[in-house]
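# Coordinates in review
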Amino acid sequence: MKYYSHPGKLMIEHLTEVRDISIEQVPCEYEEAYQIVSLCHDFGKYTTYFQGYLKNKKKSKLSNHGFISAVFGGYIGLKRYGEGNILPLIIYNTILHHHGNLESFSTNLPNKFKDISRINFPMKVVEKIDIGYKQIEDMKKNMKFIKPDMENLNFLEEFEQFILEENVIENTLAKLRKLDLLSVRSLKSEQNYFVHQILYSALISADKISASNTLIPKEMYADYETLNTIRNDKFGKPTNAINQIRTEIFDKVLENIEQNYDKSNILSITAPTGTGKTVTGFFAALKLNEMLGGDRKIIYSLPFTSIIEQNYDVLFDIFKGMDSFEKNYSSYIIKHHNLSTVEYESEYRDYTKTEAELLIENWSSGVVVTTFVQLLETLVGTRNRMIKKFNSIKGSIIILDEIQAIDIKYFKLVDYILRKACEYLDVNIIIMTATKPLILTDALELLDDSEKYYRSFQRTRLLPRLENFTVDEFVNEIIENLDDKSYMIVCNTIRQSLEVYRKLRDTDRKVYYLSTNILPIHRSERIKEIEEQLRCNENIILVSTQVVEAGVDLDFDVVIRDIGPIDSVIQCAGRCNRNNRNEVGDVYIYSIVDETGKNFGNYVYGNTLVSISKEILQGKEAINEEEYFKLINEYFNQIKQNKSQDMSRKFIESIEILDFSEGEYSINRFSLIQNNPGYIDVFFIYDNRAEKAYENYLKLSGIENINKKRELYLDIQRDLKDYTLSIPSKYFRSFTADRGMIFLPKEGIEQFYDDEIGFKRDEEDECMIF
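Residues numbered from 1 in each chain as written. Predicted model: local features only at pLDDT ≥ 70, side-chain atom pairs only at ≥ 80, totals over all residues. Heavy atoms only, no water.

Below, the discussion takes up the nonpolar core. In terms of nonpolar packing, the biggest core is built from 150 residues, with Leu-173 and Leu-379 touching the most fellow members. A per-element tally of this core places helix H10 (residues 190-212) first, with 10 residues. Once residues within four sequence positions are removed from consideration, Leu-173 is found in contact with Phe-67, Val-71, Tyr-92, Asn-108, Leu-109, Pro-110, Phe-121, Val-125 and Ile-129. Counting residues in hydrophobic clusters, the runner-up holds 52 residues, among them Ile-478, Val-511, Ile-518 and Met-741. (Core = buried A, V, L, I, M, F, W, Y, C linked by side-chain atoms within 4.5 Å. Buried < 20%, exposed > 50% of the residue type's maximum accessible area, 1.4 Å probe, protein only. Helix = DSSP H or I, 4+ residues; strand = E, 2+ residues; numbered from the N terminus. Contact = heavy atoms within 4.5 Å.)

Written as structure tokens, this is what we have:
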């Protein structure tokens, strides 16, 4: 009798593949542990129940394999490491959850370890134990067929003992529970968190690659000299003052990398907005890679998807100068975020969309441009899909661009996990920002005279107008003072932005509106139109929310922003006189209140951040760009004193005690972006493209083959997201629901969607998304 793990793939072939694919990613001191994890993870498939399932596709509880495989792995771990080492517990937990998300150890163990009986186990485990013994009995009947594989895997002795030992499941789980209780006192630590995640990541990524028979492409790494030659040819010598400054900053940073690369694994580049940090930071990482011996993955991480597209395009354009690039560009550079197109280009294989998705989610490329969410929810997380790429972070160079965009309550946690990644994953970090935050504050600065560049810029000045204005008063003042210039007005809430837009669009100016109230497809089109208008020096007005603060390369003569956190105000200032075209660009800061007298900014940022910003800006007539650096430092120092880091501390404690799923702040509860339970995602069947995507979505329910279903979904995924808005759930009755999708039919578009402002809300609707 032959045993198969998947149709057409022998068990012994799959198990050894899973071992061999990831073994080099595991630190040498944990290689034996990974051998056990990888070679035991599908042990439960050595039953006639599972083999029958492969043939007839009829699943039963007896064909489940995760639990008995985990017990067998834990059993071998105890035999080889003894009962005073946490590794058997980690082996058990990683195998148990290799098809799902991680849970805490105790959720699948008895509540004590002495004199245990059925009542000491969670009910879900009692059922698994009963099934496990039936599976063991099945294996006993077929030992002669299983033994050759066990001998090849070097598990024959433990297998025979396991199969024949009385009460082997309860005894094994009791010993693991003893370890769990012991580890609370002495064994658990952040180091073991990293060991656990390394072994889990190695297993689940290799398992999926082997099961799908995906050919792993060779990751390609461009060298510094080649790309720098292309860069020089592309940009040439600087021809104006701003480009001279960008070149000077580039040269200084690269010189400092060569001199100081071995003095710290955390480096920083602090420079004003618009000084070319994207290219400078990337080439700093390239040079650091060269100095460290080469072949290190570069992970370029940013806060917003719009910036990812922009920065990816900049880097892609440089890579295009290489002869070998076009046919294998995905091996050199990929982008990974929730809106990115799923494709993987290689001359050696035409990857399907499901294979491409797997490679992208594993970060199988020399350079990965991605979001903070993808990076940080991999480092702090329990989700199978996220942690697949945990090991891809090992040995990498991480560029963190504009990290101040992270919610301040997570600063301490982010600082902690990044430092530990440097310690346990051999990571190097380059943090880049125009507004130096309170994360990795002791980083070695590569632009050691960075304040000089703030002093040298006089592109903009902040002009606070902090007496309270109603929306009507604000708009009237704007209209009375309009000059022959382009204006960008940034509001804090959608309701506020819509009010301002409606009152301004009756002027003789061309007025544009931009927020997440508009479909993503229309936002992209509108940004391009606005860019073109500004290039032609048209004196347009843009009314927007914070969606334009970063990553949107717009350049207005005047920027007006409702009061918000000072770092956000400075980001907005970066959209004013960006390329130093005028003498000085004015950035006005207003304090706009609703009918109750409450600042609109308080709805989004809370009272503390807005109050601190007001306090710092109050009484100042004008703040020139050369003063921004000190202004930002003053702001963050006050934040440090006022903003609680309790949540961060509690998540850190969960990491250190390996609490994956049980506590109020267990690891599975961490999310960088909090989902608002008061919102629903709605698909708008706006045009023929959306209609075609919806028709294909309906076909999904009729496809039984999981791979074919996933392939079709990935084919329409971008279309679905381009026509989806997050809408307050109170509007649910305005839409239709079918097969897991909430949508607005084409016939309802005119009633509920406006091409200028997007979704038609009630005028009193106070909505904070942006």
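All right, on to the sheet that holds strand E19 (residues 736-738) then. Across the sheet, which stays open at both edges, the 4 strands sit in the order E18-E17-E20-E19 with mixed pairing between neighbours. Two strands close off the open sheet at either side, each with one partner strand: strand E18 (724-728) and E19. Ignoring strand direction, the axes of neighbouring strands in this sheet form an average angle of 45°. Across 2 bridges, strand E17 (residues 679-684) lies against strand E20 (residues 741-744) in parallel orientation. Across the sheet, residue Phe-683 finds its bridge partner in E20, namely Phe-743. Across the face of the sheet, helix H30 (residues 706-722) comes into contact with E17, E18 and E20 while running at roughly 45° to E18. (Pairing = 2+ DSSP bridges. Axes fitted to C-alpha atoms, helices over the stretch in contact; angles between N-to-C directions.)

Here we take up helix H2 (residues 31-40). By the criterion of burial, H2 is predominantly enclosed, with 7 of the 10 residues buried. All of the buried residues in H2 are Ala-33, Tyr-34, Ile-36, Val-37, Ser-38, Leu-39 and Cys-40. Lining the buried residues of H2 we find helix H1 (11-22), helix H4 (66-81), helix H5 (87-96) and H10.

To continue, consider the pairing of strand E11 (residues 487-490). Of the two faces of E11, the one carrying Tyr-487 and Ile-489 and the one carrying Met-488 and Val-490 are both buried. Note: E11 against strand E13 (residues 541-544), 4 bridges, orientation parallel. Bridge pairing in E13 links Met-488 to Leu-542. As defined by bridge partners, E11 adjoins strand E14 (residues 558-562) across 4 bridges and the pair is classed as parallel. Counterpart to Val-490 in the pairing with E14 is Arg-561.

Take the pattern of salt bridges next. Under the definition given, this model contains 48 salt bridges. Here Lys-9 and Glu-17 are joined by a salt bridge, their closest N and O atoms 2.7 Å apart. You can call Lys-9 buried: its relative accessible area is 5%. Between Arg-385 and Glu-357 there is a salt bridge, and its shortest N-O distance comes to 2.4 Å. Here the residue Arg-385 occupies a position in helix H18 (residues 384-387), and Glu-357 occupies one in helix H16 (residues 353-361), the gap between them amounting to 28 residues. Residue classification places Arg-385 among the partly exposed residues on the basis of a relative accessible area of 41%. Accessibility expressed as a relative area gives 11% for Glu-357, which makes it buried. (Salt bridge = Lys/Arg side-chain N within 4 Å of Asp/Glu carboxyl O.)

Distances and angles like these do not, on their own, reveal function.
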